[in-house]
Amino acid sequence: MVHRFKVFFSCFLTVFMIVNIVCIEKTSAQEMDAPFSVEAILPDTQIEGASGYYHLQVNPGDEQTIHARIQNKRDHDITVHVLPLNSYTAPAGGIFYEESIESENTKLLGNATLMSELLNVDPFVELSANETVEVPIHILVPDTDEGTYLGGLLFASVGEDVLEEIENQEDEEGDIGFIIRNEITFTLAVQLDLPETPDPNFAMGDVGINIHPSGPEMYMEFINDAQMILRGTHGHYNVENENGEELFEGDFEPFTMVPQSEIRFPVPWQHESLEPGVYNVSISANVLDEEVTAERTFEIEGEQVREYEEIREDVPLEQSKTIPVWVWVIGGVVVAGIFYWLGARRK
């Protein structure tokens, strides 16, 4: 019996190792399969100590050309699409880069300067097999003495079978367009620092509730109305019902906001029930060592409660990630072969 258990355990261990090796090799192959590489060529205006992206000290109204090095790692021609990006604040804090976003949870303020309009670069770069090129990016600095401007550059690999012909692609308004269906991308951040630092201008907007399958979520609107990257904002919130009874409280950890941005910062609804009514929220935030406080009121309507109850009833059981069937088939064949071999030896 002990011998059979050892054999079974050895077989199981063999299958487990095969499964993991296959998955690891697949992941490694995907990571190494990028058809090109991108490197920022740092100019003389690069701020000392910053590497891996462009962090430039600039003056009002400057015009400057920087370069990025693109290397084709394939033995055939490729096309790389280059797209200027704007910076956005993630709803829970942090920085990401997109061409444009339409969302209530994160947005740029109406007076924001779009970084995508300050960067000018040829949208497509053709590279021969194993060729390396240096792509020029022209920067137009705003004519102002203070502030930080933050954006990025997207480099996307476009396969021959997924790049639409541009010549005849026109949208309903008559503008030339293109479609990228499949791509491998790299992003380089671009930060421009002018000589003066503006005063912070942090504010709190409305408070409300969002209904998700994972549970209700309260949000607090945070606004960075200054041309600066606002780092390290943290604080505390307290939620009471209309009778002044405390339902729950919590802290929000330090987060970062990009210039001229607004987010709906989410926190979980930590009370055991969700009921219609009016709720009061007290918020205190530490902004660059200055205390900012606000009192807000919001209402949960009966329709929102019914919506949440319906979502809870319809939520399917969470499915765990499974290993592909073909991997288990191979493992099964290996185990069967081992048992067949052991049986043949015994006979």
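Residues numbered from 1 in each chain as written. Predicted model: local features only at pLDDT ≥ 70, side-chain atom pairs only at ≥ 80, totals over all residues. Heavy atoms only, no water.

**Thoughts on the sheet that holds strand E14 (residues 230-241)**
Taken together, 4 strands build an open sheet; the order of strands is E15-E14-E17-E18 and the sheet is antiparallel. The sheet terminates laterally at strand E15 (246-257) and strand E18 (290-300), the two strands that pair on one side only. Between one strand and the next, the sheet's axes are offset by a mean angle of 20°, whatever the strand orientation. Here E14 pairs with strand E17 (residues 277-287) via 8 bridges, running antiparallel. (Pairing = 2+ DSSP bridges. Helix = DSSP H or I, 4+ residues; strand = E, 2+ residues; numbered from the N terminus. Axes fitted to C-alpha atoms, helices over the stretch in contact; angles between N-to-C directions.)

**Comments concerning the packing of aromatic side chains**
Tallied over the full model, the rule gives 14 aromatic pairs. Ring geometry for Phe222 against Phe255: centres 5.7 Å apart, planes inclined by 5°, an arrangement best described as stacked. Highlighted residues: Phe222 in strand E13 (residues 215-224) and Phe255 in strand E15, separated in sequence by 33 residues. Phe255 shares its class with Phe222; the two are buried. Taking the centre distance of 5.7 Å and the plane angle of 25° together, the rings of Tyr279 and Phe298 count as stacked. Placement of Tyr279 in strand E17 and of Phe298 in strand E18 is noted, with a sequence separation of 19 residues between them. Each member of the pair Tyr279 and Phe298 is classed as buried. One aromatic cluster is present, formed by Phe202, Phe222, Phe252, Phe255 and Phe265 through successive ring pairs. (Phe/Tyr/Trp six-rings, centres within 6.5 Å; stacked < 30°, edge-to-face > 60°. Buried < 20%, exposed > 50% of the residue type's maximum accessible area, 1.4 Å probe, protein only.)

**Considering the side chain of Asn286**
On the secondary structure map, Asn286 appears in strand E17. Here Asn286 falls in the buried class, since its relative accessible area comes to 18%. Here the side chain of Asn286 touches Asp289 through a polar contact of 3.1 Å, landing on its backbone nitrogen. Among all residues touching Asn286, those that are not within four sequence positions of it are Gly232, Thr233, His234 and Glu291. (Polar contact = N/O pair within 3.5 Å; in protein donor to acceptor, adjacent residues only side chain to side chain. Contact = heavy atoms within 4.5 Å.)

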